[in-house]
Amino acid sequence: MEFAYTVEEYIQDVSVQEFKAQCIDVERFRRLCEQCGNYNRRWSCPEFSFDPMEVWDGYSQLRLYMRLMRGTKPEQPMEAALTALKEEKKKYFDLLMAWESATPDSLMLSAGTCDLCGDICRKALGEPCCHPEKLRYSIEALGGNVEECARRYFHTPVLWGRDGIAPDYYILMGGLLMR
């Protein structure tokens, strides 16, 4: 069964200074990341060899980009929705990489963890990243609160599925840091 949905796109420019004050808490989100199976097992996820605040401090503007996948049928199965979400994430990544290429001195922030290598990242094997030219970090990996970001800048709460049923919509949140 396929997930029936439409895509809505939203953009909001915000100063990095404001975003840091409203949505960044590196220590809190690092602790939350520790509870995830990707922690220190993917190059895009903490633990990092750098301070995430140095990334934020290197830029002055953030163009937030939210891609919302709204289900068009009630009570759709979560499995089908997650398959569609994976496909949308690829489109999302390609779009933001194009933005980064077209914007000098910018850095794309991806939506969620990197999955370019599939289920097993080379970091888990003690090997270097096999796609370093595409390795990007997400807002949450760098200490950002995506739920607060969606609420504050897009007036959209994050929803969660339950009992095998997809939520009414899924959100992919990332953006472009600019100097």
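Since the model is a prediction, treat every value here as computed from it, not as a measurement. (Residues numbered from 1 in each chain as written. Predicted model: local features only at pLDDT ≥ 70, side-chain atom pairs only at ≥ 80, totals over all residues. Heavy atoms only, no water.)

Visitor: What is the right way to look at the layout of surface pockets in this model?
Guide: Which parts of space are left empty comes out when a probe the size of a water molecule is rolled across the atoms. Estimates place the volume of the largest pocket at around 1,200 Å³. Lining of the largest pocket is provided by 38 residues; of these, A111, G112, T113, E140 and W160 occupy positions nearest its centre. Contributions of two or more residues to the lining of the largest pocket are made by helix 2 (26-33), helix 4 (78-102), helix 5 (146-154) and strand 4 (169-178). Partitioned by chemical class, the residues of the lining of the largest pocket number 21 nonpolar, 9 polar and 8 charged. For the second largest pocket, the calculated volume is near 280 Å³. (1 Å grid on protein atoms, 1.4 Å probe; cavity = no way out; pocket = protein on both sides within 12 Å on 5 of 7 lines; lining within 4 Å. Points joined across faces, edges and corners; volume = space filled by probe spheres on them. Helix = DSSP H or I, 4+ residues; strand = E, 2+ residues; numbered from the N terminus. Nonpolar A, V, L, I, M, F, W, Y, C, P; charged D, E, K, R; others polar.)

Visitor: Sorry, what's going on with unusual backbone geometry here?
Guide: Note: most peptide bonds trans; most residues except glycine with negative phi. The amide bond that connects P46 to the next residue, E47, takes the cis arrangement and shows omega of 10°. Topologically, E47 is positioned in the loop between helix 2 and helix 3 (52-57). Unlike most non-glycine residues, N40 shows phi in positive territory, near 60°. Structurally, N40 is set in the loop between helix 2 and helix 3. Overall, N40 belongs to the partly exposed group, its relative accessible area being 38%. In this model, D105 sits at a positive phi of 55°, which is unusual for a non-glycine residue. Positionally, D105 belongs in the loop between helix 4 and strand 3 (106-109). With relative accessibility at 53%, the residue D105 sits in the exposed group. (Buried < 20%, exposed > 50% of the residue type's maximum accessible area, 1.4 Å probe, protein only.)

Visitor: What exactly am I supposed to notice about empty space enclosed by the protein here?
Guide: With the rule as written, the count across this model stands at 1 cavity of 30 Å³ or more. Of the voids in this model, the largest cavity is the one considered here, and its volume is about 90 Å³. Forming the walls of the largest cavity are 13 residues, and the residues nearest its centre are W43, C114, C117, C121 and C129. Across the lining of the largest cavity, the residue classes tally to 8 nonpolar, 2 polar and 3 charged.

Visitor: Help me out: how do you make sense of helix 5 in this one?
Guide: The α-helix winds at 3.6 residues per turn, so residues separated by three or four positions along the chain end up facing the same way. Three or more residues of helix 5 are buried, namely V146, E148, C149, A150, Y153 and F154. Considering only its buried residues, helix 5 is in contact with strand 1 (5-15), helix 1 (16-23), strand 2 (61-71) and strand 4. Two to three positions downstream of the cap, the backbone nitrogen of E147 sits 3.1 Å from a side-chain oxygen, assigning the N-cap of helix 5 to N145. Of the residues flanking the end of helix 5, it is H155, one or two places downstream, whose phi is positive at about 55°. (Contact = heavy atoms within 4.5 Å. Polar contact = N/O pair within 3.5 Å; in protein donor to acceptor, adjacent residues only side chain to side chain.)

None of the figures reported here should be taken as evidence of function without further support.
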